[in-house]
Amino acid sequence: MLKLYGFPVSNYYNKVKVVLYEKGVPFEESESIPCQDEPLLQCSPLGKVPYLQTEQGFLSESQVICDYLEVTHPTPALFSSDPWRQAKERELLTMLELHLELVVREVYGQAFFGGTASEGTRSRTEKLLRRNIVAFKRLAKFAPYVAGDTFTMADIAAGIHLPILGMATQAVYGEDFLQAADIDWKAYTKRLAERESFQRVRAEQKAYQQAKKAG
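Counting restarts for each chain: residues are numbered from 1 in the order of the written sequence. With the structure being a predicted model, the display of local features is reserved for residues of pLDDT at least 70 and the display and counting of side-chain atom pairs for 80 or more, all residues being used for whole-chain, interface and lining totals. Note that water and hydrogens are dropped before the side-chain values are worked out from all heavy atoms of the structure.

An unreviewed UniProt entry lists the chain under the name Glutathione S-transferase, with Pandoraea sputorum as the source organism.

Q: Account for a nonpolar patch on the surface, with residues named and values stated.
A: A cluster of nonpolar residues, Phe 112, Phe 113 and Met 167, forms a patch on the protein surface that exposes about 330 Å² of accessible area. Tracing the chain through its elements places Phe 112 in helix H5 (residues 108-112). Working definition: with a 1.4 Å probe on protein chains only, accessible area under 20% of the residue-type maximum means buried, over 50% means exposed, and in between means partly exposed. According to the relative accessible area criterion, Phe 112 is partly exposed, its value standing at 36%. Like-charged residues are merged into a patch within 9 Å and nonpolar side chains (Val, Leu, Ile, Met, Phe, Trp, Tyr) within 5 Å, provided each residue has over 30% relative accessible area and no salt bridge. Method for areas: the Shrake-Rupley scheme with a 1.4 Å probe, in which residue coverage is limited to the protein chains shown. Each salt bridge in this description consists of a side-chain nitrogen of Lys or Arg and a carboxyl oxygen of Asp or Glu lying within 4 Å of one another. In this text, helices come from DSSP runs of H or I with a minimum length of four residues, and strands from runs of E with a minimum of two, each type numbered from the N-terminal end.

Q: Hey, could you go over the nonpolar core for me, with residue numbers and the actual values?
A: By size, the foremost hydrophobic cluster in this structure holds 55 residues, and its most contacted members are Ile 133, Phe 136 and Leu 162. Residues lining this core come from more than one domain, with at least three contributed by each of domain 1 (1-70) and domain 2 (81-212). Sequence-distant contacts of Leu 162, defined by excluding residues within four places in its chain, comprise Leu 96, Leu 100, Phe 136, Phe 142, Leu 178, Trp 185 and Tyr 188. Among the nonpolar cores identified, the runner-up in size contains seven residues, and Tyr 5, Cys 43, Val 49 and Tyr 208 belong to it. As used here, the term nonpolar core means buried Ala, Val, Leu, Ile, Met, Phe, Trp, Tyr and Cys residues forming a set that is joined through side-chain atoms within 4.5 Å. Throughout the structure description, domain borders are defined by an automatic or database domain assignment. Only heavy atoms matter for contacts: two residues are in contact if any of them lie within 4.5 Å across the pair.

Q: Account for the pairing of strand E1 (residues 2-6), naming residues and giving values.
A: Counting buried residues along E1, four of its five residues qualify, which places the element largely inside the surrounding structure. Across five bridges, E1 lies against strand E2 (residues 27-31) in parallel orientation. Paired with Lys 3 across the two strands is Glu 28, which belongs to E2. When DSSP finds two or more bridges between a pair of strands, those strands are recorded as paired. Note that E1 and strand E3 (residues 51-53) share three bridges and pair antiparallel.

Q: Explain the domain arrangement of the chain residue by residue, including any values.
A: How big an interface is tends to be stated in terms of accessible area lost as the parts join. What the domain assignment reports for the chain is domain 1 (1-70) and domain 2 (81-212). Here the C-alpha centroids of domain 1 and domain 2 sit 20 Å apart. The partner domain 2 presents 22 residues to the 20 residues of domain 1 that form the contact. Of the roughly 1,800 Å² buried at the junction of domain 1 and domain 2 (both faces included), carbon and sulfur atoms supply 60%. The interface formed by domain 1 and domain 2 holds five salt bridges in total. The salt bridge involving Asp 67 is made with Arg 90; its shortest N-O contact spans 3.4 Å. Two N or O atoms count as a polar contact when they lie within 3.5 Å, although within protein this holds only if one can serve as hydrogen donor and the other as acceptor, and sequence-adjacent residues are included solely when both atoms are side-chain atoms. Put simply, domain 1 and domain 2 have 13 residue pairs in polar contact (both at pLDDT 80 or more) between them. The set of elements that each furnish at least two residues to the side of domain 1 that touches domain 2 consists of helix H1 (11-23), E2 and helix H3 (62-72). Ranked by residues supplied to the side of domain 1 that touches domain 2, first place goes to H1 with nine residues. Two parts placed together each lose some accessible area under a 1.4 Å probe, and the buried area is that loss summed for both.

What follows is the structure, encoded as structure tokens:
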């Protein structure tokens, strides 16, 4: 059986879990916190989560894991079979993870963990985010799904990352940059929340956080 390592506060861990639930793939979970300890580095070379244990060995990087699951468990498909449509879905994935989530991650410490980002970091992050959100809006359809009329892997990434981006910018800058760009991520993620996969992941995330608070 597959074993997924990470923890339920990680957005990329939750992304992989949504894929596993959507495909109905049985798996086990094992809590793992990012670090540079050698045993973890043997499984995940950068010491990051999530990583996946398979019969053949370990895989790291969330999208690599998701692509592996798409090939090994092709039904239901989470990418379009048409080459052009699939390329557009992957384009959205790249925009979401490389140009939105990776950028806003610079201010997560201030947004969620009580830290303080430098003025330079805040300024640089704001400039990039405002530009990149406009670019994302040029690609996203929300009709009703982010790539069109079909739920795809791009929606899993969007459903996980957009709420965090909105909340982080609101916390750090006093303004939700997505809403400022007329992207109604709350209505969109409300639709996704009707799916059992998202419901399970959110419930498990909440239970994990409550257990940690309880000590």
